[in-house]
Each structure stands twice: as structure tokens, then as C-alpha cells.
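As a plain string of letters, each chain reads:
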Amino acid sequence: RRHVSSVTVVSVGMGDLKGDLRQILQGFLHGFLYGAKIRFPHALLMVSLFDKKDLSWDRKIDKILSLTLNHARNLGLFVLTYKSLVAGLRKTNMRKGVAVALAGGLGGSLVFGDDTSINTQVKFAVIREAFSEGLSIDQPLCLLASSESSWTPYTGEAMDT
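Computed from a prediction, not measured in an experiment: that's the story for all the values here.

Undergrad: Can you help me understand the overall build of the protein chain in this one?
TA: In terms of helices and strands, the protein chain carries four helices and zero strands. Going residue by residue from the N terminus, the α and β elements of the protein chain occur as α-α-α-α. Residues classed as buried in the protein chain amount to 27% of the 161 residues present. Put simply, of all contacts in the protein chain between residues at least 6 apart along the chain, 65% involve residues at least 24 apart. When the accessible surface of the protein chain is split by element, carbon and sulfur atoms take 64% of a total near 11,600 Å².

Set out below in C-alpha cells:
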């Protein structure tokens, strides 16, 4: 009987791992496709209107595709990094809003670390989404305690309830 329960625990753990991996890879694909969908029309317009007039259309098309691929890859890698970090942090006792903010900040700085106008816009969007996801002012600032815990950031002792 004990052996059966340990096998069940392992299979549930593997199911969680498979689900996490599926979500991470699906997130990468969706991020990549969304990045291409958003960046291609923007690059087409900007290169066509504002790039040097002496460039041939072959070079302009190369530049448009390069900008599109770069943005799509970066957005896909961000989603991959973000979802991986959230899945890992979910295994800890960290509150959801803090885990989301931490994963978004780390993922954004790793993938979009270069100081470009597009990267700055993406970083602001990540910060906005992280704060709107779960960090609210009425909750105590307690980074590692879950909602079930009664640990306080000031004394480190359990509160009497």
C-alpha cells in the first residue's frame, strides 16, 4: 500500500512537470508569433518611410525581416524565461504576486536588457502587468510568506489569531 501511494505522488509530480513544460513551450511559440505579428507591420512602415532612401528594396526587406525575427525571438525567450521562473517559484512558499513580479523583472532584464526604445516599452509593460497581477497596497509586504502563513515582516514571529 505504501509503495502504491509513493508511485501516485511521483506520477502527480511528473504530470505537473509535463503540464509546466507544455505551458512553457506553448508560451514560447505564442510569444514568438505575437512578436512577429506586432513587429512586422511596424518595421515595414518605419523602414519604408524613414530609412535611407538610397537602400535598395532587397536591403530594406532584409532589414524588415531581421527586425521582425529579432523582436519575435526576444518576446518568445521572454515568455519562456517568465513561465519557467513562475513555475519554479510556484514550488516555493512565495506569494503569487511577488513571484509574478520577480519573474517578470528577471525575465525582462535578461531578455530585454539592451537599452533600446522597444525594449524600454516592453520593460514598462512587464512592470505594469506584474503590479496589476498581484501586488496590492492593502496586503502586508511579506515576500516569502504565503497567504496561509501568519509570519509578519516586523517581528518574524507567528501572530496569535
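Undergrad: Explain the side chain of Asp-51 to me, please; I cannot follow it from the model alone.
TA: Within the secondary structure, Asp-51 sits in the loop between helix 1 (2-50) and helix 2 (57-90). Of note is the side chain of Asp-51, whose polar atom sits 3.3 Å from the side chain of Lys-63. If near-sequence neighbours (up to four positions away) are discounted, Asp-51 is found in contact with Met-46 and Lys-63.

Undergrad: Where do I start with the pattern of salt bridges in this structure?
TA: A side chain with one charge can pair with a side chain of the opposite charge if their charged atoms come near. Under the definition given, this model contains three salt bridges. Residues Lys-91 and Asp-20 are paired through a salt bridge, measuring 3.3 Å at the closest nitrogen-oxygen approach. In this pair, Lys-91 is assigned in the loop between helix 2 and helix 3 (96-111) and Asp-20 in helix 1, connecting sequence segments 71 residues apart. Overall, Lys-91 belongs to the exposed group, its relative accessible area being 57%. For Lys-63, the salt bridge identified is with Asp-51, shortest N-O distance 3.3 Å. Of the two residues, Lys-63 is situated in helix 2 and Asp-51 in the loop between helix 1 and helix 2; the sequence distance between them amounts to twelve residues. Residue classification places Asp-51 among the buried residues on the basis of a relative accessible area of 15%. Beyond isolated ion pairs, a larger network of salt bridges with shared partners links Asp-20, Arg-90 and Lys-91.

Undergrad: Would you take a moment to explain helix 3 for this structure?
TA: Since the α-helix advances by 3.6 residues per turn, residues separated by three or four positions end up pointing in the same direction. Between its terminal C-alpha atoms helix 3 stretches 22 Å, which fits the 22 Å expected from 16 residues at 1.5 Å a residue. All buried positions along helix 3 are accounted for by Gly-97, Val-98, Ala-99, Val-100, Ala-103, Gly-104, Gly-107, Gly-108 and Val-111.

Undergrad: Can you walk me through the packing of aromatic side chains in this structure?
TA: Aromatic rings in a pair are described by how distant their centres are and how their planes are angled relative to each other. Evaluation of the coordinates by the stated rule reveals two aromatic pairs. Considering the side-chain rings of Phe-28 and Phe-32, the 6.3 Å spacing of their centres and the 35 degrees angle between planes classify their relative orientation as tilted. With Phe-28 and Phe-32 both in helix 1 and four residues apart, this pair spans about one turn of that helix. Judged by relative accessible area, Phe-28 falls into the partly exposed class, the value being 29%.

Conventions and cut-offs
Residues numbered from 1 in each chain as written. Predicted model: local features only at pLDDT ≥ 70, side-chain atom pairs only at ≥ 80, totals over all residues. Heavy atoms only, no water. Helix = DSSP H or I, 4+ residues; strand = E, 2+ residues; numbered from the N terminus. Buried < 20%, exposed > 50% of the residue type's maximum accessible area, 1.4 Å probe, protein only. Contact = heavy atoms within 4.5 Å. Areas by Shrake-Rupley, 256 points an atom, 1.4 Å probe, with all protein chains shown as cover. Polar contact = N/O pair within 3.5 Å; in protein donor to acceptor, adjacent residues only side chain to side chain. Salt bridge = Lys/Arg side-chain N within 4 Å of Asp/Glu carboxyl O. Expected span 1.5 Å × (residues − 1). Phe/Tyr/Trp six-rings, centres within 6.5 Å; stacked < 30°, edge-to-face > 60°.

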